[in-house]
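Read off the chains here:
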Amino acid sequence: MGIELKEITQKYGDLIAVNNANLFIEDGEMIALLGPSGCGKTTLLKTIAGLLPLHQGSILSNEKDISKLPPQARNAAMVFQNYALFPHMTVAENVAYGLKINKCEPSLIKKKVEEILDKVELPGLNQRKISELSGGQQQRVALARALVIEPAMLLFDEPLSNLDQNLRVSMRRMIRKIQQEYRITSIYVTHDQEEAMSISDRIVVMKDGVIQQIGLPGEVYLKPRNRFVAEFMGTANLLELNEHDRIIQLLECGKWASSRDNCPVGASNNRQKRCLLFRPEDVEVGAEGRFEGTVIWHETIGSVTRVTIDFAGNEIIAEIRNYYKSGINCTTGEKIRFNIDLAGDSHIVPN
Amino acid sequence: MLLELKGITKLFDKDNGIRDFYLTVAEREFITLLGPSGCGKTTTLNLIGGFLQPDRGEIWIEGRDITHLPPEKRPVSTVFQSYALFPHLNVLENVAYGIRFYRKEKKKQALSLAREYINIVRLEGYEKSKVGNLSGGQQQRVALARAMATNPRILLLDEPLSNLDASLRQSLREELKSLQRQLGITMIFVTHDQSEALSLSDRIVVMDKGYAIQIGTPREIYFYPISDYVAGFIGKSNILTRVGETIMVRPEDIKMAKNAQGDYTISSIIFMGQHTEYIISAEDTTLEVVVVGKENSKFMQGDRVNVTITHQLGQTGQGDRFVVPELK
Amino acid sequence: MMKNWKLLILAMMLVMALALTGCGKTEPAEQGKTDEKPFAGTTLELLVAYGGADKSFDAFTEATGIKIEWLEMSTGSALAKLQAEDGKTTADIWFGGGVDSYLNARDLGYLEAYKSPELSAIDPQYVDKDGYFSGLALVPAGFIVNEDILKEKGLEAPKTWEDLADPKYRGEISMPNPAISGTSYAIVSGLIQAWGEEKAWKYFEAFDSNIDFYAKGGGEPLEKVGAGEFAVGVVAITGGTFNVGETRPTRVVYPQDLIPWTPAPIAIFKNTKNLDAAKALIDWYLSYDGQNILREADARIMARSDVDAPEIMSGLDKSKLVKFDLERMGKERVVILEKWKGLVGEK
Amino acid sequence: MRCPRNMTLLKNKIIWKGRGNKSPLSFDVLIDRVILFLVVGSLLLFILYPIFMVISTSVYRHGVFSLDNYRDLLSPGNLKLIKNSLFVSTLSSVLGTFFALCIALYTFLQKERIRALIYRLLMITLISPPFVSALALIMLFGRRGLITYNLLGLSVNPYGWQGIVLLQTLGLISLAAIMLISTLNAIDKRLILASRDLGAGTLQTLHRVILPSIYPAILSVLFLLFTINMADFGTPIIIGGKYKVLATEAYMTIFSAADLGKAAAMSVLLIPPAIIAFYFYRKNLEKNNSLADGVKALGGEGLDFRLPLFIRIALGIITGLFFFLMLLKYGNIFLSAVTINVSGKLTFTWKHIEAFQFAYLPAVYRSLHIAVIAGILASVIGILLSYYTHRRQLPLMKPIEFIASLPYIIPGIFFGLGYIVGFNNHPLLLTGTTAILVLNCTFRHISVGNKAANAAFENLDRRLEMAARDLGASPVRILTTVIFPLLKSTFLLSFINTFTACMTTVGAIIFLVSPRNVVASVLMFKDITNGHYGLGAVVASVLIIVTVAVNLAAIKYLGREGGKQYVA
């Protein structure tokens, strides 16, 4: 089911929670709504589900206006942050709830419940009480409960934020796998960019109720539309482009030319400040580097070491792989040499 | 040794608690207790803090048995998860609290000392703020200042960063580490986040179900995990069985090269920004490969590739301690 | 902040201490300032079952300097409380009510014997022979009727006890439970003494069938008849009974056949710490002046023969008063009430 | 943080090793022990001992051990009493719970402002001196009732079990509805969202999610009402007519037959149903608590939830009718204070108010005095008890806490009886003192403060105390610097509850008053049973006005403190 949001605005009193949101979601697509807390992503999700009355705008499903339909008529199923499992029911009763409401045959309900519990890797727990399950298991029940009614739309409201890191990774793979298997149109709300990138087809980045950018994970990461998106999507090195000396330095490194066409710095009459964006992986640390800076911080996380370099008053973060074997010295306060690879992926963004 | 845990056992029930726990901590060391929730890491911290009494074993600090000393008399201080700041006191009063009661300073002196700690954590100007009005990061700093203000011999930190946004977490991590280095405070840090543990610690204690599975430097833990549990918990790992031996390979230690006749096919690509995850499969094996940086653009789904392993564990002669359990 | 809390805790400890010790203290009796009022400043506690008596207290205090604290409590309740407290009441004087309870209290040893010099002027019928209690006044029993209701139902006012057993009054009579009200018990006991066991019980059976339920306080029939809930109330006839008629269409009726009565007694509790003051109180209330003042407070026929009956009671025919054996009345109480309960059941 | 400016801060190392060598019984620790001893000691002395005394009174006859009192109780007449008690209590509790549920649901589904209004009104209708409802019923709907007789020309006999059931039902609806509203508000709103999202309509959601979620609370309310109704003696005395119940007879046995042993035995008989009901209440409450675990209300979002029209109308009518009856009741009380009822017609008079002025003001002051002291003491002890039991988790405190909850569940008469027999001898001679009233009121309501504190502690991060200890505060310091400041609103809440109860209580203290220490509520009771309805109504009005004023002041203060915890 393709969904189209047209000029949606939602308010709580005077507070504008969502401001003129437009979005088209393809049939079978998984969209991530990404942003910091309070950015309006959950409000947008609940609006789509029909759990909040629509203030302004319209929601179309397969070109049919569903804005006025009550939630139970929208054929959407939601997976909640704290799971929202019914505490007075067993696992099986929870999963069967939606079917029972829709007056399914008991035998069919039983079969479907078994099937779906297998799918979410929870076989044999049918008669457990909800309180006896671990967080991960509860999350699976919530997923099963949503899936079993075969909804046209799956809505996820930060479903993994209460789980441990490792569990989170395995759960998101499961969700992605099942979503792709059933090809259910899905909307996934999260504030974790890694989660958004790994789980979705496209990402919608939001801030203060406004959609900042819509795009493939690679697009929003590599070609952020503005500074906010750049920084939200991972570690970003951003050099302000109004300081001519440094730009000249950068231009001197010879690799600038290719990206120049993207954004003619020199010709910019635009008053708006612009930044040159490059990611830590674009920085190559090595004795032969063109630039020199001072190490102000470094930390090793497994095979990757991140070095923060003071480069003429700017902090540049670089990544070194296999630091222990690389022979590079990152002692704090020492000088270090590096190159910036500006080919291709570097990007100029408005400040 | 500054701190010694000698065979501590504390069981709440069959599955919860810690068992036979030994640990020594040197002056100025940064130790991390790492493990999934329920592994006993917070229990350990609470035992050191004095909030729990061990069933068995002793706790010594600076050569003195403090096993039965109440928390208010121990030279340790805790930064609690979600901070546990006193909501009815302002920032200054929170920080002064321990100075008054632990250091037994007069109120005036306590407040002026507290100001200096507030300066250390760079919260000047917030002295009179209610703690409820501060941001998460600021609350975190208040909690840190409050704990440091008693001049503890050891600072205990219980997942202090877990309630913060990813980017804030990163910057506070740096501040914490530099504070520890410069002030030379001994810290014991609890987390379930492996990257926090790896980046901050002098040594890591990996815990599971109440046992300390492995104690070592981040490097030891990462490169020479003692078991598949440790390997799996810290970083990702591929377990490979070759003729007669089983090895573990980190996803980033596999190099792919495009080759039309390659053994492996790329079945899935997940772009993660700084790195890209690939699932590649041959007839009988599936490997997870991580490509960092820009090489990612070379590979497309369906491409055939060959792989080279640049670093592996469990090979004879490497001296690695990796012990592989029975594989299917 | 902390200081405040310390203060608060301190204050609370003080409060606790005060609550536990301070309140229990009695004011020490001040030394007599003048010879006339040797007990000035003393406070006496009274358990009162004498409607309107409080109006005389100011005059008493003025005359003697003794202050009065009082609580209205039916004598049955007071007796029960005395028993529960093992006789250790803080009250000094028992003022009015049903004589049966006084007899019981006397037998339980809760009362102090005192023969006032004023007793010479009082009919010995009203007084305990050993002086455990003295009579203040005579309280006859009778009927109060609501004229409006009687008219509405087309009924005559009852004239005799026999009339009350007439089925035409079914559901229209309110009488207090004799187990609670001294007057009610005096009626039951008085009719038994006057008519003999057999006739009396037969009558009670017929009477009972007219009653819906027995009231749980002596004053209840007054209010219920006044408000028109019942047409006839069986009550003690005191000034208060007549007073109802001032605002409501009620009238007092003396039974024409027999008038059971009880003396309104007064007694000193054994536990009193102000024995002399208590004696002074009894002397005053039995004195000519005291009796007159008490009669003003609530119109009754006073115990002193030299005090005239109040105007409104002039209709009482003293010859119809039951010849009462008070001792017998007291002794039979348990037995009679047991039998009564068997007769009326749950009412 | 990279550059601490003052490194000297860290150089003045404390010689911590010296600290441990101090005598373990430091001053603060001593104070802590003393407080603990006071709390436990007072609970044993003023709760357990009187209860024990009642039981011992019931099994001794003329100083010899005997079970005669109990044997007497098993007579057919008395069995009838038990049957009557069970009958009216069950019926009133079921009806009361049902109507309360209707009102709670109606309230729950209203907009925030109306919801707050209904809630406030319910809080105010909680304040009702006993017996005045019965009085109002007689005056409005009795044989000469203003409505039944004057308006409708009927002569209805209100005396009987129907009257008792009606009054008991009406009397406890406010309390029950408040409890149910709190539970409804505590439901995780996401459950409702999830249910609708999974295709359930509002009625289905109500039936399958909302009601099952509050089912434990419904049961606890039912049991609570049952217990209160079983122990209620005032309503049956005034409105029961010849229909008698156990509690009334226990009262009458004392006040007419002065048979303490038998009365004690009767009140002992009231205890097992109370304890059983309480057991279920607790069990369900615990379950309920675990259900409410991890609940986060969705703030600010207008939840769109509409039941079918006919149900909404039905609920609205029930709610409206209830408040209409309440209005009648309070109106009648105030009206009775200034009128006199002549054969069913009202005439204005100042008589009652004048009579009140002269004789009753000291008793009202005394009531206030006692209620304030008892309110403070009960709240402090309740909080301390909760602290020692649940936060410090000292051994043996759980049974002590159970003891503290006993006076709340056993009938008031029983508790009063215990005091009168327990404290009439040296060294515990308290007969006739104000102290005995204060103590009785205090210890009867400890469990209110205790429960409120337990709930507050549940929400209070345990790490706060750990932090305080860690920072060197002794247990007493933690109490004064952390616990009490944080529980200020809990304290206030418990204070008003106890205050209100003490101002209007009769059952427990009716045996304890004497001329010197009589309180307003007892005078009111005496006036009403003696038929001085007008005077009784004046006292009732004064009690209501004073108590409502104190409650409103407290609500306002709580509101200023930003405490949202004002839930009964």
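Please read all numbers here as calculations on a predicted model, not as lab measurements. (Residues numbered from 1 in each chain as written. Chains lettered and ligands numbered in written order. Predicted model: local features only at pLDDT ≥ 70, side-chain atom pairs only at ≥ 80, totals over all residues. Heavy atoms only, no water.)

**Student:** I would appreciate a short explanation of the overall build of chain A in the present structure.
**Tutor:** Each helix and strand counted, chain A has eleven helices and 18 strands in total. The 351 residues of chain A split such that 58% are buried. Once local pairs closer than 6 in sequence are excluded, the contacts in chain A between residues at least 24 apart make up 68%. Carbon and sulfur atoms make up 46% of the accessible area of chain A, which amounts to about 14,800 Å² in all. (Helix = DSSP H or I, 4+ residues; strand = E, 2+ residues; numbered from the N terminus. Buried < 20%, exposed > 50% of the residue type's maximum accessible area, 1.4 Å probe, protein only. Contact = heavy atoms within 4.5 Å. Areas by Shrake-Rupley, 256 points an atom, 1.4 Å probe, with all protein chains shown as cover.)

**Student:** Sorry if this is basic, but what is going on with the overall build of chain B here?
**Tutor:** Each helix and strand counted, chain B has eight helices and 17 strands in total. Along the first, second and third principal axes, the C-alpha atoms of chain B reach 80 × 45 × 35 Å. A buried classification covers 59% of the 328 residues belonging to chain B. Restricting the contact set of chain B to residue pairs at least 6 apart, pairs at least 24 apart contribute 62%. By element, 48% of the accessible surface of chain B is carried by carbon and sulfur atoms, the whole surface being about 12,900 Å². Within chain B, one finds 40 positive and 39 negative side-chain charges whose respective centroids are separated by 8 Å. (Lys, Arg positive; Asp, Glu negative; His and termini not counted. Charge placed at Lys NZ, Arg CZ, Asp CG, Glu CD.)

**Student:** It is not clear to me how the interface of chain C and chain D should be interpreted in this structure. Could you clarify?
**Tutor:** Where interface size is given, it is often the accessible area lost as the parts come together that is meant. Taken together, the contact between chain C and chain D spans 62 residues of the former and 60 residues of the latter. Counting the surface lost from both chain C and chain D, the interface buries some 5,600 Å², and carbon and sulfur atoms represent 59% of this. Counting the contacts that link chain C with chain D gives one salt bridge. In this structure, Arg-516 of chain D and Glu-45 of chain C form a salt bridge, with 2.6 Å as the shortest nitrogen-oxygen distance. Taken together, chain C and chain D are joined by seven residue pairs in polar contact (both at pLDDT 80 or more). Elements represented by at least two residues in the side of chain C that touches chain D include exactly α1 (2-20), β1 (43-48), β2 (67-72), α3 (75-84), α5 (147-153), α9 (220-226) and α14 (333-344) of chain C. By residue number, the principal contributor to the side of chain C that touches chain D is α1 of chain C, which donates eight residues. Residues belonging to the side of chain C that touches chain D are distributed by class as follows: 25 nonpolar, 15 polar and 22 charged. (Buried area = accessible area lost by both parts, 1.4 Å probe. Salt bridge = Lys/Arg side-chain N within 4 Å of Asp/Glu carboxyl O. Polar contact = N/O pair within 3.5 Å; in protein donor to acceptor, adjacent residues only side chain to side chain. Nonpolar A, V, L, I, M, F, W, Y, C, P; charged D, E, K, R; others polar.)

**Student:** Looking at this model, I keep getting lost on empty space enclosed by the protein. Mind explaining?
**Tutor:** Over the atoms rolls a probe the size of a water molecule, and in doing so it shows where empty space is left. Per the counting criterion, the structure on display carries 14 cavities of 30 Å³ or more. The space that makes up the largest cavity amounts to roughly 70 Å³. Taken together, Glu-223, Ala-227 and Glu-229 of chain C together with Ile-138, Met-139, Arg-144, Gly-145, Asn-341 and Tyr-533 of chain D make up the full set of residues lining the largest cavity. Counted by class, the lining of the largest cavity contains four nonpolar, two polar and three charged residues. (1 Å grid on protein atoms, 1.4 Å probe; cavity = no way out; pocket = protein on both sides within 12 Å on 5 of 7 lines; lining within 4 Å. Points joined across faces, edges and corners; volume = space filled by probe spheres on them.)

**Student:** What am I meant to see in the nonpolar core here?
**Tutor:** One recurring pattern in soluble globular proteins is that nonpolar side chains are buried together. Within the largest apolar cluster, 378 residues are counted, with the highest numbers of intra-cluster contacts made by Tyr-50, Trp-94, Phe-95 and Trp-161 of chain C together with Leu-43 and Phe-443 of chain D. Looking at this core element by element, the count peaks at 18 residues for helix α14 (residues 351-391) of chain D. When neighbours within four sequence positions are excluded, Phe-443 of chain D is seen to be in contact with Ser-42, Leu-43, Phe-46, Ile-47, Ile-381, Pro-407, Phe-415 and Tyr-419 of chain D. Grouped together as the second largest cluster of nonpolar side chains are 38 residues, Ala-110, Ala-143, Leu-144 and Ala-147 of chain B included. (Core = buried A, V, L, I, M, F, W, Y, C linked by side-chain atoms within 4.5 Å.)

**Student:** Help me understand the interface of chain D and chain A in this model?
**Tutor:** Each partner contributes to the interface: chain D provides 27 residues, whereas chain A provides 30 residues. Where chain D packs against chain A, one counts zero salt bridges. Inspection of the chain D/chain A interface yields three residue pairs in polar contact (both at pLDDT 80 or more). Listing elements by their share of the side of chain D that touches chain A, those giving two or more residues are α8 (189-197) and α9 (202-231) of chain D.

**Student:** Looking at this structure, how should I read the pairing of β1 of chain C?
**Tutor:** Successive side chains on a regular strand alternate, one facing one side of the sheet and the next facing the other. Residue and element names in this part refer to chain C. Extensive coverage of β1 is indicated by the burial of five of its six residues. Of the strand pairs in this sheet, β1 and β2 are connected by six bridges, and their pairing is parallel. Across the sheet, Thr-43 pairs through a bridge with Lys-67, a residue of β2. Remark: the β1/helix α2 (residues 57-64)/β2 crossover connection has right-handed handedness. Where β1 meets strand β3 (residues 93-95), three bridges bridge the pair, whose relative direction is parallel. Looking at β3, one finds that Val-48 is bridged to Phe-95. (Pairing = 2+ DSSP bridges. Right-handed = clockwise from strand over helix to strand, strands pointing away.)

**Student:** In this structure, what is going on with the pairing of strand β15 (residues 275-281) of chain B? I would like to understand it.
**Tutor:** All names here are of chain B. Extensive coverage of β15 is indicated by the burial of five of its seven residues. Here strand β14 (residues 264-271) runs beside β15; their pairing, made up of six bridges, is antiparallel. Pairing of Ile-270 across the sheet is with Glu-277, part of β15. The antiparallel hairpin formed by β14 and β15 contains three residues in its connecting segment, where Gly-273 sits at a positive phi of about 85 degrees.

**Student:** For this particular structure, what's the right way to read the packing of aromatic side chains?
**Tutor:** For any pair of aromatic rings, the description consists of the separation of the ring centres together with the inter-plane angle of the planes. Residue and element names in this part refer to chain C. On inspection of all chains with the given rule, the structure shows 50 aromatic pairs over all chains. Arranged with centres 5.6 Å apart and planes meeting at 80 degrees, the rings of Trp-261 and Phe-324 form a pair that is edge-to-face. Residue Trp-261 is found in strand β9 (residues 261-269), and its partner Phe-324 is found in the loop between β10 (301-302) and α13 (326-331); the two are separated by 63 residues along the sequence. Seen from their ring centres, Trp-284 and Tyr-285 are 4.8 Å apart, and the 90 degrees between their planes marks the pair as edge-to-face. A residue is classified by how much of its surface remains accessible, and Tyr-285, at 0% relative accessible area, is buried. Ring pairs connect the aromatic residues Tyr-50, Phe-57, Phe-60, Trp-70, Phe-95, Trp-284 and Tyr-285, which therefore count as one cluster. (Phe/Tyr/Trp six-rings, centres within 6.5 Å; stacked < 30°, edge-to-face > 60°.)

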